[in-house]
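Listed below, chain by chain, are the residues.
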Amino acid sequence: MADGWHSWLAPGRARRLAERVGTPLYAYSGPVLRNRCRALTRAFPDAGLRYAMKANANPTLLRVVRSMGLGVDTVSPWEVQLALECGHRKNDIVYSGSNPSDDDLRAVHRAGVLLNLDSISALRRYGRMFPGSRVSVRLNLEVGGGHHPHVITAGPDSKFGLAAEDLPEARAVAARFGLRIVGLHQHIGSGIFDPALFLEAFDPLLALTSVLPDLETVDAGGGFGVPYRPDESPLDLAALGAAVTDRFAALNKGRKKPLRLLLEPGRYVVAEAGVLLTTVTTLKRTRDRLFIGVDSGMHHLIRPALYQSYHPVAMIPERDGAPLRSFIVGPICESGDVLAEERMLPMPDEGDLVVIGNAGAYGFAMASHYNLRARPAEVLFDGPGKVSLIRAREGYRDVIRRRDLRPKR
Ligand code: LLP
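What you are looking at is a predicted structure, and each value in this text was computed from that prediction instead of being measured.

Points about the site of the ligand
Surrounding the ligand, one finds 20 residues, the nearest of these being His147, Ser190, Glu264, Arg303 and Tyr362. One nitrogen or oxygen atom from the side chain of Ser190 is found 2.4 Å from an oxygen atom belonging to the ligand. At 2.6 Å from an oxygen atom of the ligand is found a side-chain nitrogen or oxygen belonging to Tyr362. Protein chains bury 92% of the 580 Å² of accessible surface belonging to the ligand in isolation. At a threshold of 2 Å from the grid points, most atoms of the ligand map onto the largest pocket. When grouped by side-chain class, the residues that make up the shell around the ligand number 6 nonpolar, 8 polar and 6 charged. Among the domains, domain 1 (44-269) and domain 2 (272-400) are the pair contributing at least three residues each to the shell around the ligand.

Some remarks on the environment of Cys37
Considering the arrangement of structural elements, one finds Cys37 in helix α2 (residues 30-43). Separated by 32 residues in the primary sequence, Cys37 and Gly69 place their C-alpha atoms 8.4 Å from one another.

Here we look at unusual backbone geometry
Omega for the peptide link from Thr23 to Pro24 comes to -5°, which places this bond in the cis form. Relative to the assigned elements, Pro24 resides in the loop between α1 (11-21) and β1 (25-29). In the segment running from Ile316 into Pro317, the intervening peptide bond is cis, with an omega of -5°. In this fold, Pro317 is placed in the loop between β12 (313-316) and β13 (324-329). The backbone phi angle of Asn99 is positive, close to 45°, even though this residue is not glycine. If you trace the backbone, Asn99 turns up in the loop between β4 (93-95) and α5 (102-110). Of note, the phi angle at Tyr362 is positive, near 55°, even though the residue is not glycine. Relative to the helices and strands, Tyr362 is located in the loop between β15 (353-356) and β16 (377-381). Using a relative accessible area of 16% as the deciding quantity, one classes Tyr362 as buried.

Thresholds, definitions, all that
- Starting from 1, residues in each chain are numbered consecutively following that chain's sequence as written.
- Residues qualify for local features only when their pLDDT is at least 70, as the model is predicted, and side-chain atom pairs are given and counted only at 80 or more; totals for whole chains, interfaces and linings, by contrast, use all residues.
- Side-chain metrics rest on all non-hydrogen atoms present in the structure, leaving aside hydrogens and water.
- Any residue with at least one heavy atom within 4 Å of a molecule or strand is counted as near it.
- Pairs of N or O atoms are called polar contacts if they sit within 3.5 Å, as long as, within protein, a hydrogen donor faces a hydrogen acceptor (for residues adjacent in sequence, only side-chain-to-side-chain pairs).
- Residue exposure ignores everything except the shown protein chains as possible cover, and the areas themselves are Shrake-Rupley values with a 1.4 Å probe.
- Each cavity reported here is a set of points on a 1 Å grid over the protein atoms alone in which a 1.4 Å probe fits but cannot get out, each pocket an open set with protein on both sides within 12 Å along at least five of seven lines, and each lining residue one with an atom within 4 Å of a point.
- In this description, a molecule resides in a pocket or cavity if more than half of its atoms sit within 2 Å of the grid points defining it.
- Under the scheme applied, nonpolar residues are Ala, Val, Leu, Ile, Met, Phe, Trp, Tyr, Cys and Pro; charged residues are Asp, Glu, Lys and Arg; polar residues are all the others, including Gly.
- Segmentation into domains, and thus their bounds, comes from an automatic or database assignment.
- The way it works is that DSSP assigns letters per residue, a run of H or I at least four long becomes a helix, a run of E at least two long becomes a strand, and they are numbered from the N terminus.
- For each residue, the accessible area found with a 1.4 Å probe, counting protein chains only, is set against the maximum for its type, and the residue is called buried under 20%, exposed over 50%, and partly exposed in between.

Below is the structure:
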């Protein structure tokens, strides 16, 4: 696709960047990020888009997303706080946290953000604490999907959402505390390529709007897939957008107060706007494998280890030679510490660079300090020759956060 990282991170540029900032490093493209936002607003012109910031919560990127007219979907009080600090307005923020504690409910309520609640327990606790409030209810209508079982968030075995048959009890609890159910929400999973599956879940959600008299918004979640493998074709976003827009317009026809459609894409916004740049540290050949050891691993991009996800890779420079059965592996003391497996690559040199593509979503966001290693720095390319460091590299003290407990005298 025209927005592929090759278009903004040519080998020379990557090398200069690695020299100046060092690796491992997440690099993002402002123009690609804006293009993804534009594609969404074009496909869903009537919807309120709420970027699922769990995919990537870098403050600079949150501001770019805001400048493109998107709000945010949050799942923790600190996500709410950061979104507000980055200029998002409380009315453009939704909260869909799972199994919220009382403290979570309090913090989000105080921030003035609408909560999607998905258990009778949370509704009851929220109602008790804040009677008379507005609230939204998350449903699980038994249609789920996604790129891996871990990311399917609806269906009979999912912890998310209230079943349709629980709705009467939810309404009774709401009535007891004077809560007004102003929103219906669902999110069926992550990495959806088939518009028909999304619509299969969307239709029953729309059907339930008739039983809730105070309703103002219908939030159909996110989950729009992006291709990672060379043989995957992109989701037909325009077709999905047209079908969703038509159905929603039909629902609103004749309604005194039209409902507002909300959507919460995360991956679609940022995945293709980011790469992970790493350096080859160690080469090792075994009987039938080449292990390309790099200075990044599952602690920076856990998706291959956790979901067996495929990320495209490119070597800088591109070496000549017979392709070898290669595994790109990191410095973490686990055999699962693999960034890419079974790739046919010519023998690189130690010191060469490896670009791991489509790493903008759920990359840095899921990075950890496992094995006491720093998380990567982050840079943004925005405009000709303009590179800014948007997250500094961590040092020993950032990772340890140690406070010596000296005995008091
Ligand atoms: N809304 C809710 C309530 C969600 O739980 C999620 C994602 C989204 C929206 C955004 O979904 P997206 O548009 O990004 O697919 N770590 C996994 C993905 C987990 C997604 C969890 N929920 C991965 O790396 O594939």
